Amino acid sequence: MSRSLPLKSKPLALLPRRLYAQIVVTVSVILVAAFLSFGFMNADKQAAILERIIRNESEAITRNIADSCAHYLVVRDYAGLEELLVRFSEMPDMVNLQALEPDGTVLSDVNGRLHRPENPPKKKIPVPPGEAPQTELQGENLVIWHPMLANRSLGWVRIAFSLHELTEFKSSVWRTTLLLAVLGIAASTGLILLVMRRPARSIQLLSRFAGELNLKKGTVMQVPDSSSEVEELGDSLNRASLELHASEQALLAERERLAVTLESIGDGVIATDTSGKIVLLNRTAEQLTGWSMKEAAGKPLEDVFRIISETTRRPVENPVQRVMSSRQVVGLANHTALIARDGTERSIADSGAPIIDREGTVIGVVLAFRDVTEKKRTEEFIRNIFESIGEGLIVIDRQYRIMTANRAYAEQVRRPLDLIIGSTCHEISHNRDKPCHEEKDSCCPAIHTFETGEPAVMVHDHSKAGKHMAFVETRTFPIRDGSGTVVSVIETTTDITERRKLEDQLRQAQKMEAIGQLAGGVAHDFNNILTAITGYGNLLVRKTNAGDTLRHYAEQILTSAERAARLTGSLLAFSRKQVFEMKPVDLNDIVKGVDKLLRRLIGEDIELRTIVTGANLIIMADSGQIEQVLMNLVTNARDAMPNGGTLTIETGELEVDESWRREHGFERVGAYTLLAVSDTGTGMDEDTRSRIFDPFFTTKEIGRGTGLGLAIAYGIVKQHGGVINVYSEPGKGTTFRIYFPASTGFKELPMAAEARQPAPGGTETVLLAEDEELVRKLIRLVLEGAGYRVIEAKDGEEAIVLFRENREAVKLVITDVIMPRRNGKEVYDAVRSLQPEVKALFMSGYTADIIQNRGIIEQGMNYLAKPILPDTLLRKVRSVLDG
Ligand SMILES: Nc1ncnc2c1ncn2[C@@H]1O[C@H](COP(=O)(O)OP(=O)(O)OP(=O)(O)O)[C@@H](O)[C@H]1O
Ligand SMILES: [Mg+2]
């Protein structure tokens, strides 16, 4: 405290002077009083003595005069009397001498002259009663009456004596007394001055020292020789000076420390009074607000500390009022921005606290705030990284509490983020109330990472919103503190359910592929054989008459060959190696079309209900294949209901969205048509259900089922871009649902009955290229039987040579696709270069897709799959020639 206190130091300086005057005055007053009272008493006493002497003398004189007068009166010597009176009247101090007759008549007056007859008395004055002498004071005179006695009263003598001498005496006594008093005062003052000079000087010095103690603290003063009290006072002041200095130094040091602390605080600090006016601003606050302490002092807080909500952009309530009313520490809402004086905006975090004095009164508010812009940016950056990772991400502490999680994780577990954070991972991911490692048959990668500090990976199923649904690949990585201890673990969770499904599907597809390849390979040769069997069988039928035993045999051979062809067809169907005729068809039409057939198939114990929607359900499909699927499903349903039940066939429409697509393995989102077949039969257990689409999986007794029905259905559905699902529980029946992508095309009108008519013939020349002799001969027979002229070639090379030779005649080239020395495509290319107008028809026992894959034939080319039936061949040849 460098400020002085003038009001207090002044009386201190005056004190010695006043004290000094007081002592002098007091001593003088006492002396004056003493002298006066002494003088008074002394004067009074001496005056009384003198008065008594004067009185006695006067009375004696009066008595003498009265006696003398009486003598002269008795002898009547008036002259003597008069002489006596005159003589006495001339006595000093005698003011008036009167002789009076007893009645008071004045005989002589003033100068002693008698009143003779010729000088008669002029007046009469009252005399005292009786004859006793009397003395009385009249003004400054002493009046004495004395009777003149000679046996009888002869009259009175009255003398007035002057008391002037007495008065004079009294005055002189007073004068002496006063003189003495004055001398006394002078002497005492001098004496006091002499005695008090030193202590007074010391006191004065001390007083000045005390007055300047503020400035001189820390120094000591030497008190001149003085009384011990003054020295004591001096010591006390010196001590006070030293202590004051010491405490001021301590205070300054504390102040300095506080100031340095305040300035060193990285946070902005603003203190206000209770009305919200700024009283302090530290350096950081100055930098953040752009206001200097000097400029901000006394300004309302909101002028300097302008805060707005980052989300609403509206001003945020000044925290001072809240702190004042609550008397508690309050924090700002999140997302608060401070607008500096130059308009710069910074994200801040702050809190306000009341400043409470010792009496418990709130005397102001202190705000502490910090610039969190960078921190926020970093947080946002990290959050963005966190969120941009497509995988679920959580951070868990040692208690398995989820400290933070990203949205992908929340989506995986289908729970809101605020519920996830703070909950344990075993609760959220596994719906357990204990950590996973405490449960039997479960493993936890996080505990591994916590214990070993090593990353871990594990695949397990997670629960989605409490239901066990998803397969998740969990990877854990350690987060260490400064000392290297693993304090938390980052866990990434990748939902691999879809991947698993795809893997399953791939596995299924691969299985199909392998079997398909096998079947396809077998079918190729087998179809050639069948083509020959059925071809020659047909020829035999044509050459024999009805009722002929040979014809009957031939028909039996044809029936068996047909069954064999169907089986090959089935094998090709499930292995997706069949060439389908895809057209826009109405699913409802297909269902309605096979209704009768199905009724016959299921028998009478089973009720068939067909529920078709009113809408057109157009799909791109090979209707024969769809019928096949329906037949297979219905046959299975029938077999599952040996004691009867209800079979329901239903159609409908459905819009597949992204989540449904992912969950159910659809290839694309959009409109789908639904074909559902439900039964009330035995149903299936989990194990059966998981294998039903496997080729050759059957639970039926040998001879009753081949295990191909659903495999074929699966193959057909897949080839139509559809999805087939099954829902079944033992004893509760089964529902198959098939979804076909809806088509926007128009269905074709039903084909004319032309197909039923006998196969048409012709007279054109046909070049036939086929390496398989049996098949070549058969086709030649069929074609020649129908009127055509046939040129035969046993491989591609020969075919080209023969075509060159007969290029004018040949109207159609029928060629096997796979042949030695030039395949079908090469033959085709060669003949087209020679004769662009020539028509071509390809045949193969290989499947259409192999052929297409090898680039042998192209879309739109005429193609016949082996085994080839004569009627089919003739119809196709005619249509190609006419097309
Ligand atoms: N609707 C159903 N109810 C109960 N089980 C069924 C049903 N459909 C199929 N299954 C089970 O699936 C198995 C496989 O069916 P799939 O149609 O592929 O072969 P299959 O009927 O046994 O023989 P195939 O159809 O070749 O004559 C059946 O053996 C049966 O156990
Ligand atoms: Mg079946």
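Criteria and thresholds
- Residues numbered from 1 in each chain as written.
- Chains lettered and ligands numbered in written order.
- Predicted model: local features only at pLDDT ≥ 70, side-chain atom pairs only at ≥ 80, totals over all residues.
- Heavy atoms only, no water.
- Salt bridge = Lys/Arg side-chain N within 4 Å of Asp/Glu carboxyl O.
- Helix = DSSP H or I, 4+ residues; strand = E, 2+ residues; numbered from the N terminus.
- Buried < 20%, exposed > 50% of the residue type's maximum accessible area, 1.4 Å probe, protein only.
- Patch = residues over 30% accessible without salt bridge, like charges linked within 9 Å, V, L, I, M, F, W, Y side chains within 5 Å.
- Areas by Shrake-Rupley, 256 points an atom, 1.4 Å probe, with all protein chains shown as cover.
- Axes fitted to C-alpha atoms, helices over the stretch in contact; angles between N-to-C directions.
- Left-handed = near helix turned anticlockwise from the far one by under 90°.
- Contact = heavy atoms within 4.5 Å.
- Nonpolar A, V, L, I, M, F, W, Y, C, P; charged D, E, K, R; others polar.
- Near = heavy atom within 4 Å.
- Polar contact = N/O pair within 3.5 Å; in protein donor to acceptor, adjacent residues only side chain to side chain.

Caption draft 1: Expanded view of the pattern of salt bridges. Using the criterion set out here, one finds 33 salt bridges in the structure. Of the charged contacts, one joins Lys124 and Asp103 as a salt bridge, the two residues approaching to 3.6 Å between their closest N and O atoms. Of this pair, Lys124 sits in the loop between β3 (113–114) and β4 (134–138) while Asp103 sits in the loop between β1 (94–100) and β2 (106–109), and the two are 21 residues apart along the sequence. Accessibility expressed as a relative area gives 54% for Lys124, which makes it exposed. For Arg599, the salt bridge goes to Asp595, with nearest N and O atoms at 2.9 Å. Of this pair, Arg599 and Asp595 both sit in helix α17 (residues 587–602), four residues apart, which is roughly one turn of that helix. Note on Asp595: relative accessible area 17%, which makes it buried. What emerges from the salt-bridge pattern is a single network uniting Glu773, Arg776, Lys777, Arg780, Glu784 and Glu792.

Caption draft 2: Examining a nonpolar patch on the surface more closely. A cluster of nonpolar residues, Leu518, Val522, Phe526, Ile529, Ile533 and Ile557, forms a patch on the protein surface that exposes about 520 Å² of accessible area. No other element matches the five residues that helix α15 (residues 497–543) contributes to the nonpolar patch. Relative to the helices and strands, Ile557 resides in helix α16 (residues 549–574). Judged by relative accessible area, which is 42%, Ile557 ranks as partly exposed.

Caption draft 3: Highlighting the packing of helix α18 (residues 623–640) against helix α21 (residues 709–719). Remark: α18 packs on α21, axes separated minimally by 9 Å, with the N-to-C direction vectors making an angle of 145°. Relative to α21, the crossing made by α18 is left-handed. Note on element contacts: α21 touches α18 through Gly709, Leu710, Ile712, Ala713, Ile716 and Val717, opposite Gln625, Gln628, Val629, Asn632, Leu633 and Asn636. Partitioned by chemical class, the residues of the contact of α18 with α21 number seven nonpolar, five polar and no charged.

Caption draft 4: Region of the structure containing the site of ligand 1. For ligand 1, the set of nearby residues contains 21 residues, the closest of which are Asn636, Thr698, Thr699, Lys700 and Thr706. Within the backbone of Gly709, one N or O atom sits 3.2 Å away from an oxygen atom of ligand 1. Within the backbone of Leu710, one N or O atom sits 2.8 Å away from an oxygen atom of ligand 1. Protein coverage of the free-state accessible area of ligand 1, which is 590 Å², stands at 90%. Elements represented by at least two residues in the shell around ligand 1 include exactly α18, α21 and β25 (734–741). The biggest single contributor to the shell around ligand 1 is α18, with three residues. Tallied by class, residues from the shell around ligand 1 come to eight nonpolar, 10 polar and three charged.

Caption draft 5: View of the environment of Val269. Within the secondary structure layout, Val269 lies in strand β7 (residues 268–273). Residue Val269 is classed as buried on the basis of its relative accessible area of 8%. Separated by 12 residues in the primary sequence, Val269 and Leu281 place their C-alpha atoms 5.9 Å from one another. Apart from the residues within four sequence positions on either side, Val269 is in contact with Leu262, Leu280, Leu281, Asn282, Ala285, Val366, Leu367 and Phe369.

By themselves, these are just geometric observations and shouldn't be taken as functional.
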